[in-house]
Amino acid sequence: MTTGDFTVEVVASATSQTFTVPTTHDSTAEPDGSVTATVLGGTGYNVGTPSSASVTVNDDDASTLSIAAEFSDNNEGSTGIA
């Protein structure tokens, strides 16, 4: 999992900003992750409420489940003794 801070610069006349968060494609099943974007205060503008938003990044790898069965010659409830 990659963690860290990234800076996105927003021009003064912008009303929205798009950015990409890089992810790593692999074949390992792992928990979903999250990305949170937070607008910090600065000179010349006011930060509204809420000042942050989060999204969930879903893992795209399938989990594998294996089941093994054992068979017995005994009937249910039987001790197997004749």
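Further up the page is the structure itself.
All residue numbers here refer to positions counted from 1 along the written sequence of the relevant chain. Per-residue local features are limited, in this predicted model, to residues with pLDDT of at least 70; the limit for side-chain atom pairs, both in listing and counting, is 80 or more; totals at the level of whole chains, interfaces and linings are taken over all residues. Hydrogens and waters are ignored; side-chain quantities use all the structure's heavy atoms.

A.B. asks: So, the overall build of the protein: which residues are in play, and what are the values?
C.D. replies: Working definition: helices are DSSP H or I runs of at least four residues, strands are E runs of at least two. Numbering for both runs from the N terminus. For the protein, the count of helices and strands is zero helices and two strands. Sequence-distant contacts, at least 24 apart, represent 40% of the contacts inside the protein between residues at least 6 apart. Each accessible area is a Shrake-Rupley result for a 1.4 Å probe, and residues are judged covered by the shown protein chains and nothing else. In the structure as shown, the protein presents an accessible area of about 8000 Å², 50% of it carried by carbon and sulfur atoms. Throughout, a residue-residue contact means that at least one pair of heavy atoms, one from each residue, lies within 4.5 Å.

A.B. asks: Would you mind going over the pairing of strand S2 (residues 52–57) in detail, with residue names and values included?
C.D. replies: Side-chain positions along a regular strand alternate between the two faces of the sheet. Where burial is concerned, little of S2 is hidden: zero out of the six residues are buried. Think of it this way: DSSP has to see at least two bridges between two strands before they count as a pair. When strand S1 (residues 33–38) meets S2, the two strands line up antiparallel, connected through six bridges. Looking at the pairing, Ser34 lines up with Thr56 of S2. Note on classification: 1.4 Å probe, protein chains only; a residue is buried when its accessible area is under 20% of the maximum for its type, exposed when over 50%, partly exposed between these limits.

A.B. asks: Quick one: what's the story with the environment of Val47, residue by residue and with numbers?
C.D. replies: Mapped onto the elements of the fold, Val47 is located in the loop between S1 and S2. If we skip the residues at most four places from it in the chain, Val47 touches Val39, Leu40 and Gly41.

A.B. asks: Quick one: what's the story with the environment of Gly33, residue by residue and with numbers?
C.D. replies: One can find Gly33 in strand S1. Looking at Gly33, the relative accessible area reads 24%, which means it is partly exposed. Distance in space between the C-alpha atoms of Gly33 and Val57 is 5.1 Å, their sequence separation being 24 residues.

A.B. asks: Report on unusual backbone geometry, specifying residues and quantitative values.
C.D. replies: Residue Pro50 follows Thr49 across a cis peptide bond; omega there is 0°. Take Pro50: it is sitting in the loop between S1 and S2.

A.B. asks: An account of the environment of Ser54 is requested, with residue identities and associated values reported.
C.D. replies: Counting through the fold element by element, Ser54 comes out in strand S2. On the basis of relative accessible area, Ser54 is assigned to the exposed category, the value being 51%. Spatially, the C-alpha atoms of Ser54 and Ala37 are 6.4 Å apart, while their sequence positions differ by 17 residues. Ignoring any residue separated from it by four or fewer positions in sequence, one finds Ser54 in contact with Val35 and Thr36. Under the rule applied, a polar contact is a pair of N or O atoms within 3.5 Å (in protein, one hydrogen donor and one hydrogen acceptor; residues adjacent in sequence only if both atoms are side-chain atoms). A polar contact is formed between the side chain of Ser54 and the side chain of Thr36, at a distance of 2.7 Å.

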